Amino acid sequence: MSFGSPGGARSFKVSPPQKGSFPLDHGGECKEFMRKYMRCLRDTLGENTKCRVESKDYLECRMKNNLMAKEDIKNLGYGDFKPASEAGNA
Amino acid sequence: MIGCQGRIALLCIKKPVLTKSTWNGHNMMTIIRQTALKASSWTVYGRYSSHRADVASSTSQLLGVTRPYLQTRPFKTGRIQDDWRQKNKSLMMYIGGIGVLVAGLAYACVPLYRMFCQATGLGGTVKHGSETVAQMKPVEDRELEIRFSADTAASMRWNFRPRQSAIKLVPGETALAFYTARNPTDQPIIGISTYNVVPFEAGQYFNKIQCFCFEEQRLEPNEEVDMPVFFFIDPEFAEDPAMYKVDAITLSYTFFEAKDGLRLPLPGYS
């Protein structure tokens, strides 16, 4: 299978997502944040770097509404942002 | 007077000893003795020495004549042979043992190496955790395009599509992407999804922080829901020479209906 792959390449291991699965947003509580993010992506033609604020806002909305485990945004790769007052503090 | 032919010619006596006058009983023994002596005086170093020696020894035994002939000494006595046999056997056991040990080591190398790599992290086995995400630095000079595609199994009645066709990002940067699923039927349907990454070798760098895959998701009749994927591409992607020409990665999700006995196809080799 993946024994002795050349050049010391890593084997492709199927791993579950690090923080598990997102609970579904049945109530549409964070739909507005999602729309803002999608609008930003459309405007910048898909540039993720320019829309990081919107994606951070979406994740914080999720955390506020118990749709995501509360986590320091630094651990989610937003280390360059200042942590938000309520949702970001773990 | 006696006929001389071939080998027997060697036995020929030069002088005829059989004369009329001597042909009587008491001279017979003399003749025989002379013949024997002549035969036995033939050197044992000649070509027919063994033959001669046999003849000589048997004849000399007949006459009671003893002559020192070349005697062969036995090379190995019984005791020395046993000793050698014992030494050979123990040597063979040692060599056999070493051979088995080396073969066993060769087979044991593979899992041992893997255990060693897991423990020490050498050779690229990466331990993922939130610490790595926090310390991750985006690789600014390598822009990638992540394309999204959505699929359903043939029997799955959901409408499932990506909300964006592509996102541009760099390795080491976390990104959010959305898919939308809708249940147009009037029965609740439970779906379960799996994903695929193309090109295949880029899949090892695709790290999902959170997504909606591998878990059952239930949709009520006529319900529409947004499903996010929060992921990043490992910064080591930029250092892999095999990924040098890769600029676009396609992430493709497929939804199946969750039924008993459903075997979800997992990405990678199974």
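Please read these numbers as outputs of a predicted model, since none were measured by experiment. (Residues numbered from 1 in each chain as written. Chains lettered and ligands numbered in written order. Predicted model: local features only at pLDDT ≥ 70, side-chain atom pairs only at ≥ 80, totals over all residues. Heavy atoms only, no water.)

A. Layout of the overall build of chain B. Looking only at helices and strands, one finds four helices and nine strands in chain B. Residues counted as buried form 32% of the 270 residues belonging to chain B. Carbon and sulfur atoms make up 58% of the accessible area of chain B, which totals about 17600 Å². (Helix = DSSP H or I, 4+ residues; strand = E, 2+ residues; numbered from the N terminus. Buried < 20%, exposed > 50% of the residue type's maximum accessible area, 1.4 Å probe, protein only. Areas by Shrake-Rupley, 256 points an atom, 1.4 Å probe, with all protein chains shown as cover.)

B. Quick peek at the nonpolar core. Ranked by internal contacts, the top residues of the largest apolar core, which has 63 residues, are B:Met227 and B:Tyr253. Top element by residues in this core is strand S8 (residues 224-233) of chain B. It accounts for seven residues. (Core = buried A, V, L, I, M, F, W, Y, C linked by side-chain atoms within 4.5 Å.)

C. Region of interest: the packing of aromatic side chains. Residues and elements named next belong to chain B. The full count for this structure, using the stated rule, is 18 aromatic pairs over all chains. Relative to Tyr253, the ring of Tyr179 lies with its centre 5.1 Å away and its plane at 70°, an arrangement referred to as edge-to-face. Placement of the pair is Tyr179 in strand S4 (residues 174-182) and Tyr253 in strand S9 (residues 248-257), with a sequence separation of 74 residues. Classification of Tyr179 as buried rests on a relative accessible area of 0%. Ring-pair connections join several aromatic residues into one group, and the members of that group are Phe148, Trp158, Phe160, Tyr179, Tyr195, Phe206, Phe212, Phe214, Phe231, Tyr253 and Phe255. (Phe/Tyr/Trp six-rings, centres within 6.5 Å; stacked < 30°, edge-to-face > 60°.)

D. Structural view of the sheet that holds strand S2 (residues 159-162) of chain B. Residue and element names in this part refer to chain B. One open sheet accounts for four strands, arranged S2-S4-S8-S6; its pairing is antiparallel. Of all the strands in the sheet, just S2 and strand S6 (206-210) have a single pairing partner and so form its edges. Across this sheet, the average inter-strand angle for adjacent strands is 35°, counted without regard to direction. Summarising the sheet, S2 and S4 pair through four bridges and their orientation is antiparallel. (Pairing = 2+ DSSP bridges. Axes fitted to C-alpha atoms, helices over the stretch in contact; angles between N-to-C directions.)

E. Expanded view of the side chain of A:Glu47. You can see A:Glu47 is positioned in the loop between helix H1 (31-43) and helix H2 (52-64). An unpaired buried charge is present at A:Glu47: no salt bridge exists, and A:Lys50, the closest side chain of opposite charge, is 4.4 Å distant. (Lys, Arg positive; Asp, Glu negative; His and termini not counted. Salt bridge = Lys/Arg side-chain N within 4 Å of Asp/Glu carboxyl O.)

F. The arrangement of the side chain of B:Thr174 in detail. As for its position among the elements, B:Thr174 is in strand S4. Using a relative accessible area of 0% as the deciding quantity, one classes B:Thr174 as buried. A polar atom in the side chain of B:Thr174 sits 3.1 Å from the backbone oxygen of A:Leu76. Not counting the four nearest positions on each side in its chain, B:Thr174 is found in contact with A:Asn48, A:Arg52, A:Leu76, A:Gly77, A:Tyr78, B:Val133, B:Met136, B:Ile209, B:Phe230, B:Phe231 and B:Phe232. (Polar contact = N/O pair within 3.5 Å; in protein donor to acceptor, adjacent residues only side chain to side chain. Contact = heavy atoms within 4.5 Å.)

G. Geometry of the packing of H1(A) against H2(A). Residue and element names in this part refer to chain A. H2 packs onto H1 with a crossing angle of 165° between their chain directions and a minimal axis gap of 9 Å. Between H1 and H2, the angle is such that the two are roughly antiparallel. H1 and H2 meet at a crossing whose hand is left-handed. Taken together, the residues of H2 that come into contact with H1 (itself represented by Phe33, Met34, Lys36, Tyr37 and Cys40) are Glu54, Ser55, Asp57, Tyr58 and Cys61. Residue composition of the contact of H1 with H2, by class: six nonpolar, one polar and three charged. (Parallel < 35°, antiparallel > 145°, perpendicular 65-115°, else oblique. Left-handed = near helix turned anticlockwise from the far one by under 90°. Nonpolar A, V, L, I, M, F, W, Y, C, P; charged D, E, K, R; others polar.)

H. Spotlight on the pattern of salt bridges. For the structure on display, the rule yields nine salt bridges over all chains. For A:Lys31, the salt bridge is made with B:Asp226, and the minimal N-O distance between the two is 3.4 Å. Linking A:Lys31 in helix H1 with B:Asp226 in strand S8, this pair reaches from one chain into another. Residue B:Asp226 is classed as buried on the basis of its relative accessible area of 7%. Beyond isolated ion pairs, a larger network of salt bridges with shared partners links A:Lys31, B:Arg163, B:Glu224 and B:Asp226.

I. Molecular detail of the interface of chain B and chain A. Taken together, the 50 residues of chain B in the interface contact 40 residues of chain A. Regarding the contact of chain B and chain A, the summed buried area is about 4100 Å², with carbon and sulfur atoms giving 56% of it. Area buried by chain B at its contact with chain A is led by B:Leu176, B:Gln204 and B:Gln210, which between them contribute 15% of it. Across the chain B-chain A interface, the total number found is 13 residue pairs in polar contact (both at pLDDT 80 or more). Put simply, the parts of the chain that give the side of chain B that touches chain A at least two residues each are helix H3 (78-120), helix H4 (130-135), strand S3 (166-169), S4, S6, strand S7 (217-219) and S8 of chain B. The element contributing the most residues to the side of chain B that touches chain A is S8(B), with six residues. (Buried area = accessible area lost by both parts, 1.4 Å probe.)

J. Examining the sheet that holds strand S5 (residues 189-198) of chain B more closely. Residues and elements named next belong to chain B. Strand order across the open sheet formed by five strands is S3-S1-S9-S5-S7, with mixed pairing between neighbours. Edge positions in the sheet fall to S3 and S7, since each of these pairs with one other strand and no more. Pairwise comparison of adjacent strand axes, ignoring direction, gives a mean angle of 30° for this sheet. Pairing between strand S1 (residues 144-152) and S9: eight bridges, direction parallel. Across the sheet, residue Thr152 finds its bridge partner in S9, namely Phe255.

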